Structures are given as structure tokens and as C-alpha cells.
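Examining the three-dimensional arrangement
Now for the letters of each chain:
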Amino acid sequence: MTAPDRFLDYAPAPESTSILHLRDSYGLFIDGEFTEGHGTPFATISPATEKHIAQVANANAHDVDLAVAAARRAYERSWSRMSGADRGKYLFRIARLVQERARELAVAESLDNGKPIKESRDVDVPLVAAWFFYYAGWADKLDYAGLGANPRALGVAAQVIPWNFPLLMLAWKIAPALAAGNTVVIKPAETTPLSALIFAEILQQAELPAGVVNIVTGAGDTGAALVNHTDVDKVAFTGSTAVGRAIARSTAGTGKKLTLELGGKAANIVFDDAPLDQAIEGIVNGIFFNQGHVCCAGSRLLVQENIHDEVVDRLKARLSTLRLGDPLDKNTDIGAINSREQLERIRRLSDVGEAEGAERWTAPCAIPEAGFWFAPTIFTGVTTSSTIAREEIFGPVLSVLTFRTPAEAIAKANNTPYGLSAGIWSDKGSRILAVADSLRAGVIWANTFNRFDPASPFGGYKESGYGREGGRHGLAAYLASAPLEPARVAAPTARKQLKK
Amino acid sequence: MTSATAPTASVTTADAPTVLAPAERAIQTIGGDLTEKSLRLHLEGLPGVDAVGLEARAAGLGTRSIKTSSKAWALDTIIRMIDLTTLEGADTPGKVRSLVAKALTPDATDPTTPRVAAVCVYGDMVPDAVRALGAAHSAGRDDGVNVAAVATAFPSGRASLAVKLADTREAVAAGADEIDMVIDRGAFLSGRVGLVFDQIVAVKEACRRADGSYAHLKVILETGELNTYDNVRRASWLAILAGGDFIKTSTGKVAPAATLPVTLLMLEVVRDWYRLTGERIGVKPAGGIRTSKDAIKYLVTVAETAGEEWLTPSLFRFGASSLLNDVLLQRQKLTTGHYSGPDYVTVD
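About the thresholds
- Residues numbered from 1 in each chain as written.
- Chains lettered and ligands numbered in written order.
- Predicted model: local features only at pLDDT ≥ 70, side-chain atom pairs only at ≥ 80, totals over all residues.
- Heavy atoms only, no water.
- Axes fitted to C-alpha atoms, helices over the stretch in contact; angles between N-to-C directions.
- Helix = DSSP H or I, 4+ residues; strand = E, 2+ residues; numbered from the N terminus.
- Parallel < 35°, antiparallel > 145°, perpendicular 65-115°, else oblique.
- Contact = heavy atoms within 4.5 Å.
- Nonpolar A, V, L, I, M, F, W, Y, C, P; charged D, E, K, R; others polar.
- Patch = residues over 30% accessible without salt bridge, like charges linked within 9 Å, V, L, I, M, F, W, Y side chains within 5 Å.
- Areas by Shrake-Rupley, 256 points an atom, 1.4 Å probe, with all protein chains shown as cover.
- Salt bridge = Lys/Arg side-chain N within 4 Å of Asp/Glu carboxyl O.
- Lys, Arg positive; Asp, Glu negative; His and termini not counted.
- Charge placed at Lys NZ, Arg CZ, Asp CG, Glu CD.
- Buried < 20%, exposed > 50% of the residue type's maximum accessible area, 1.4 Å probe, protein only.
- Pairing = 2+ DSSP bridges.
- UniProt positions renumbered as here; feature names shortened; annotations may be inferred.
- Domains from an automatic or database assignment.
- Buried area = accessible area lost by both parts, 1.4 Å probe.
- Phe/Tyr/Trp six-rings, centres within 6.5 Å; stacked < 30°, edge-to-face > 60°.
- Lys NZ or Arg CZ within 6 Å of the ring centre and 35° of its normal.
- Right-handed = clockwise from strand over helix to strand, strands pointing away.

Here we come to the packing of helix H3 (residues 51–61) of chain B against helix H12 (residues 260–277) of chain B. The description of two packed helices rests on the angle between their axes and on the distance between the axes. All names here are of chain B. Between H3 and H12, the shortest axis-to-axis distance is 9 Å and the interhelical angle comes to 100 degrees. Taken together, the axes of H3 and H12 lie roughly perpendicular to each other. For the pair formed by H3 and H12, the contact residues are Leu-54, Glu-55, Arg-57, Ala-58 and Leu-61 on the first element and Leu-260, Pro-261, Leu-264, Leu-265 and Glu-268 on the second. Grouping the constituent residues of the contact of H3 with H12 by class yields seven nonpolar, no polar and three charged.

In C-alpha cells form, the structure reads like this:
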């Protein structure tokens, strides 16, 4: 046996794709069946190789009509009449099927999205199952969701999700909606429809009543037709702030309930008493997890000035051990950028960063010839006025800024139009609590980063959106309080009398 | 294990600082006025360890998938890094001869199988081990097999310094190439870091041979008794400052013995020491590593933490006994394409 030149050049360990049984083309999933779309079908490709995966139907306004009508029928005839316990059974069944087909889903996700298999296998798909399990448990306990007794479902939910966590965002949207008794029309991103279409097969396998979940594939015009549909009661969107703003404008005054989960430019604050080795891991996980395609990514590193050089040195050494390449290789740390368009955006913003005087450092790694790739990159000497400290890059690019005091760290962290997440690294518990209290961000991680749990609400301040997903709070987005009945208004008086 | 509480019991009086043995590394790192207080301040100034983050990183490293040619290289490297160990009250010359035979010829069916790094025995068995090795005893050469002896009232370390030093000198005089000493955990936990330091310095000196060369000193921290990761980091640093050539996790007599997070942490310490001084210190996890799969996780952790330079027997060892046979089974599987069974490798 010949030894590898370096042990660290681990021999290839690719996950087999033989578990996938893909069709050549996929239709829209409407009323429990796959149907042809009326728009021009489009291809989905693997961003790691640019190879064709499958042909996918494109939903036009007519198809969206059909999907919303199917969802309405299902809402009125079956789903809203079903007991919470029975809805829960379907959700439990879906969760178990996700676990059963976990490997298949992980391979599909990595193939279509470009994320490393170790992330789709160990993070995305297990969280998808966890989300369905969690909300399955809520389905018959809605009286305790914080909205009083007998809260009611809203009706038909229109949901539009992004390409960075295709299946996980689908779970974040569908699980609470169904638990609360709504029916759903969901549009996956046009570059990553594959896992949603396999999920449609899982819904058939679970024998979910037809029309409860409808999946319409397509691009921005499909999404616009969906969120602007007049028979939709609820709109939930995850994606860019620009599109979120347009949706807020178009749904204003329609009575549709709206939740938006948009961009971010999170500060990851490292104090000089931080557990340094773990902080380095946290910084790496914060910005290079999923190639930085994470709305809550820790893209601004705020490091205390007295440890700046040491942190940057250690970070560079650590980044040099990251392995970029085939997303299906089990040892890959950094996969492919999801699309050419996104790659160009990352390149453009990185060039702006360099032009504005920040110092660029790129991890030494070979870039494959085909596909879309961007090596992990650090910018030092970034100031609060730099473009790369203001704009969301949504890629594996870290901007390093410094601070001197906790007050300065807080001021710099909050100085952004966004407010989705933040991280604090310190061994001092009291400092963590005090700083967290002053940060205007929806999620704050202490001595960790990018951790998700279905029981924990997630959402942003300011331009990062409104509404919360996850936890009990996530149910509120899909429920309305029961109208107050006269008897219940009178109840306090009655109780008083009893006490006498 | 996250708490940063240091053993800070006050044992020195403010007006009479305890002056420590002038170990070269400590003087260069901390300064000439080496006292228990200056040592303690230095150790307490080390960054803390976040237990959750450390364990998550270790688990992440454990998911690396090592296949085909990388696996073959890893298995051979593991064998070359093993300190094949017998540390029983029931050890006899016959048992030691059997262990040595296994060390020299791990797999009689495949002569390409490398030898292990060393045999590790109690001090009184060193003459038997040396005799059994004969010409194969490395005795300072690069090839051959070393004899390692546990010393200093192993495993508890509960004896006077004089006894510990006599124990060490006797093993070195009998031909031990490596001394595996234990630190005084009681002293460390009660804050007497100066005492722990001075004892390591003294044992190091006892490793000196007549010709002026030194037996290699491995310092066993017994991490299972130190309990917190912060303690492990400080004890590792202390052992290096006092002159240890290797830092070793455990005696194998206390549970938990070696774990991947603890080994990762100790590798971070030797990496930091190298960044600071350019000097490479070895690491030896011992106890509890029984399968090839686990051992490969350790190799990955070494390579991705300290660097590939550490993947050599002079800088990384496994203290183990049953690990060798599992590696041999895996090696046979890679060569022949099928699994055999426990009767196709020899008991030692």
C-alpha cells in the first residue's frame, strides 16, 4: 500500500449516491399528486460540478391558483376539522419517515445545494426530523401556546423559502403551520428544489390528506404570484431583505398575517478572557459553516484589540486545515457556492473590500475546475464604515474589526441595519449576560455559535425581519386568539363571587 | 468542567516565597525569579477551556472518514506508536518475555508488520524486558524497541520524594529508555503547584544516566483525577515547564482514562508550546483506547491540531495493550479483503 504524501490528504471517502432514485423530471405537488406545470420547466444542477440533476416544473399563476384552491379545500374539508391529536399523528409519521430516509435526503441536499455531506447528514436532516417531532407534540396542546384557550388556525399559508437550508427551512415553515391546523402552499428556491420534491414523496408515503401541503417550484414570479394570491391568509418568507421589503409592501392592508426572516450581519464578539481555542472553533463555525450561506452567520468578528494578532494568527492556522471540495466526500468541510450568481456577488463584495483598503487573506486550498467555489477568506483592518462590514456577503468571507472596551463592542455590534444574531465569547458569566442584554439581536449565542433547536425561537430585529420561528413563539405566527365570548368575559366576576 | 476555579489554597507565606528548582524552560518562560507564586500566576493566566466547545470539536474530529491508502498508513503508524503495556501485580518474567515477543513480531503471518515503539512495564521488570529484547533493544538507537518503566510510586504517586527518585534511578540503571512518572495529584488539587513542579524537576534529574544522557520522561497527569479541563491545561503546562518530554493522560488505573477531548486539549497545549518556543513535546493518551477506529480518531486529532509533524513515535504514543490486536485484525482485513477472528492474532 502506498502511503499518501500527507496523512491530512485523506484518501477520498465519497458518500454513495446509489441511495437516490431520482426521476428525470419532477412536476408540481398539488392536491397530493405530481402534476405538470404550465410554465417553462427548468433544470436544477449540482453547483459542485455544474452537471444536470433533473428537470423541474415551473408553476405559473394558474398553477398557483390550483395549489391555493387545493389547500383551501383541504383546510375546509379535512385539516381544520381534524383533532389536534390526529394532526400530531401525521406529523410524527412525517418525522419518522424523514429519519428513515435521512441518508437519501442528505445526499440529495448536498448534491443539489453544494453543502458538505457531513453538514446535511449531521445538522440539516436531523434538525428537520427534530422540528417535525417538536411541533407534532404541540398539535394537541395549542391551548398552552400562549394565546388563550381554543386558538384557531389562520387558513392557507403561503410560504417561500431560500436555497441555503432547503429542507430545514421547509421544516421550519411546514411543521408549525400544520401543527396549528393550517394548510400550506410552499415554494422552494429555484436552485434547490430537489429535497422538497423528495419530501413530497414522503408526504405521499405518510398518506397526508391531499392538499394539506402543496409544493410549487419556480422562480421569483411564482413566489410573487403565491404571496399576492387573494385567497391566502398567511405569508411566511425567508430570504433577502430586498424581497422581504417588497412582500411587506404588497401584503400591507390585505389582512394577511406576515412573518419575515431576512438578512443579517452578525457580530461575533471575542473578549480577551475568552476560551481561545473554542472561540477559534466558534468563529470558524460562525462564518464558514455552510460556506457562510447562513442568514445568522457571524460575518463580523469583533475582537478585543489586545488579542487581535493572536486570534488572527490562530484563525489562519485553523483555516489552513479546512478541506474544500466534493460536497459528497465525508471529509469535506467547505462545499460549493450554491450558484454562479451568488459566487459573483461574493467576488464583487470581496473586491470592494480589498479596494477599500482591507487586507485580504485566503486559505491555501486547491479550487476544483468545474463548479462554483470560493476559498475561505479573512479581511483584517476592516472598519465600521467598510462596505464588507455593512453589507451581507452571504459567503465564506469574514470581516475582522477590533474594539477596546465592552461599551465599544456593544456600540459596534449594534451599528448595523440588521439584528438577527450575535455571539459573545468570554469566560466571565456576568459579562456575557450584561453584553447580551445590550445587543439588539434576536438570537445571542454565548461561547458557541450557529446552534439551533426546535424549542428555541429564532428571528430578527430591524431589517432582519419580524415574527419568530421555533418554540412556542413560532406557533403564534400560525394562530389567532379565539374571539372572546361573552361568557368568558364574565368569568372573572363569576370567580370573584365564588371566592366570597 | 467549565469552571475556571484554580487550586489556589494559600500555602506560601507572603514574606517567604517558595523558590522553585531552576528548570530551564520555566526560567525562560516565566523569568529568573521562579517562585511558587510566579508559577501559579503564570498557570492561572492561561486561557480557560470551554468544556462544551472542546467536546464538540473532539466529536467533530471523530467524524473524519479514513479509507483505503490513508487507513493502511494509519494502521501501520498506530502500531509504530504503541507502548505495549503490562502493569499488573501478577506480572512475571514469563509474561514480560511474552509481551516482548509480541512487540517484536506483532503478526507472525505478515513480516511487513512494523514493531511497536516500546514495551511498558513496572520498574522491577525492566531487567527482564531488556534481556528478552536482547539485540532488539534500541538503547538510544533509532531502530529497535524501547523499554519504558512506570516509576515514582505508580499509579498513586503517594510516596516520599526519596522513594520516587530511588524508583526512577533503579529503572534507568536497569536499562529503561523511558520513564513514565505520575504527578502528585493531591498536591496539585490542594494548590501546591510548586511541590508538583519541584518533584518533576527532581525526577527528570534522576533520569540522567552515567554518561550524561537522559531517559525520556513522560509525565502522567492522571486527568481522570484532575477532573476539570482547566486543571488539565494547567497541569500539562506545568509538566512541560518542569522539563517533561511527553505529557501523558493516565495511568490506566483510574476511570476515565484517556478521552479524545482530553487528548485534544493536551495537543493544543503542545502546539501552543511549539508556537511559543519552537520546541516539540510529545503526547501519550493511555488507557481505554481499544479499537483501530478509536485510535484513528486520535491520529486525525493529532494531525489537525498539532500537525503532521507529531505523527511519529517520538512525539505521539498510545499506551495500550488490547489495541494492538484490533489493529492487526484490521490490517489483515485490508490485506486479504476479509475479516478473520480473534484466534488469528496472538494473545500476549
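Residue and element names in this part refer to chain A. On the surface, Glu-190, Asp-221, Glu-341 and Glu-344 cluster together to form a negatively charged patch. As for its position among the elements, Glu-344 is in helix H11 (residues 340–355). With a relative accessible area of 45%, Glu-344 lands in the partly exposed category.

Residue and element names in this part refer to chain A. Judged by pairing direction, the sheet is mixed, and its three strands sit side by side in the order S1-S5-S4 without closing on themselves. Each edge of the open sheet carries a strand with a single partner, namely strand S1 (25–26) and strand S4 (42–45). Both S1 and strand S5 (residues 52–56) contribute to a ladder of two bridges, which runs parallel. Note that in S5 the partner of Ser-25 across the bridge is Gln-55.

Here, the residues flagged by UniProt with the feature "domain: Aldehyde dehydrogenase" (unreviewed entry) are residues 35–479 of chain A. For residues 35–479 of chain A, the end-to-end C-alpha separation is 31 Å, with 42% helix and 16% strand making up the annotated structure.

Okay, the domain arrangement of chain A next. Residues and elements named next belong to chain A. Splitting chain A by domain gives domain 1 (25–261 + 470–480) and domain 2 (267–446). On a C-alpha basis, the centroid separation for the pair domain 1 and domain 2 is 30 Å. With 25 residues of domain 1 at the interface, the matching set in domain 2 holds 27 residues. Both faces combined, the contact of domain 1 with domain 2 buries some 2,100 Å², and carbon together with sulfur accounts for 58% of it. Counting across the domain 1 and domain 2 interface gives two salt bridges.

Applying the stated criterion across every chain, the model contains 22 aromatic pairs over all chains. Between the aromatic rings of Trp-445 of chain A and Phe-449 of chain A, the centroid separation amounts to 4.7 Å while the plane-to-plane angle is 45 degrees, which identifies the pairing as tilted. Here the aromatic rings of Trp-237 of chain B and Trp-273 of chain B are separated by 5.6 Å at their centres, their planes lie at 80 degrees, and the arrangement is edge-to-face. Taken together, the residues Trp-237 of chain B in helix H11 (residues 229–241) and Trp-273 of chain B in helix H12 connect sequence positions 36 residues apart. What links up through ring pairs into an aromatic cluster is the set Trp-131, Trp-172, Trp-445, Phe-449, Phe-452 and Phe-458 of chain A. The positively charged end of Arg-23 of chain A is found above the aromatic ring belonging to Phe-34 of chain A, 4.5 Å away from the centroid. A cation over a ring is seen here: Lys-204 of chain B above Tyr-214 of chain B, with NZ or CZ 5.5 Å from the ring centre.

On to the pattern of salt bridges, then. With the rule as written, the count across this model stands at 48 salt bridges over all chains. Of the charged contacts, one joins Arg-360 of chain A and Glu-354 of chain A as a salt bridge, the two residues approaching to 2.9 Å between their closest N and O atoms. We note a salt bridge from Asp-245 of chain B to Lys-204 of chain B, for which the minimum N-O separation is 3.4 Å. Of the two residues, Asp-245 of chain B sits in the loop between H11 and strand S6 (246–248) while Lys-204 of chain B sits in helix H9 (residues 193–206), which places them 41 residues apart along the sequence. Classification of Asp-245 of chain B as buried rests on a relative accessible area of 18%. Salt bridges sharing partners connect three or more residues here, namely Asp-277, Glu-310 and Arg-314 of chain A together with Arg-233, Glu-268, Arg-271 and Asp-272 of chain B.

Further remarks concern the pairing of strand S2 (residues 118–122) of chain B. Residue and element names in this part refer to chain B. The element S2 is largely enclosed, with a buried count of four among its five residues. With three bridges joining them, strand S1 (residues 82–85) and S2 adopt parallel strand pairing. In the strand pairing of S2, Asp-83 is matched with Ala-118. As for the winding sense of the linkage, the β-α-β connection from S1 through helix H5 (residues 93–104) to S2 is right-handed. Between the parallel elements S2 and strand S3 (residues 146–150), the chain passes through helix H6 (residues 126–133) in a crossover that is right-handed.

Below, the discussion takes up the UniProt feature "active site" (unreviewed entry) in chain A. Residue and element names in this part refer to chain A. Summarizing the sequence annotation, UniProt attributes the feature "active site" (unreviewed entry) to Glu-261 in the numbering used throughout. Relative to the elements of secondary structure, Glu-261 occurs in strand S11 (residues 257–261). Of the residues examined, Glu-261 reaches a relative accessible area of 3% and is grouped as buried. When near neighbours in sequence (up to four residues on either side) are disregarded, Glu-261 contacts Phe-237, Thr-238, Gly-239, Cys-295, Leu-420, Phe-458, Ser-464 and Glu-469.

All names here are of chain B. Taken in spatial order, the eight strands of this open sheet run S7-S6-S5-S4-S3-S2-S1-S8, and their pairing is parallel. For this open sheet the edge positions go to strand S7 (282–284) and strand S8 (318–320), each flanked by a neighbour on one side alone. Taken pair by pair, the neighbouring strands of this sheet meet at an average axis angle of 25 degrees, ignoring direction. Pairing analysis gives three bridges linking S3 to strand S4 (residues 178–182), with the strands arranged parallel. Looking across to S4, one finds that Ala-149 is bridged to Ile-179. Together, S2 and S3 form the strand contacts of H6, whose direction differs from that of S3 by roughly 170 degrees.

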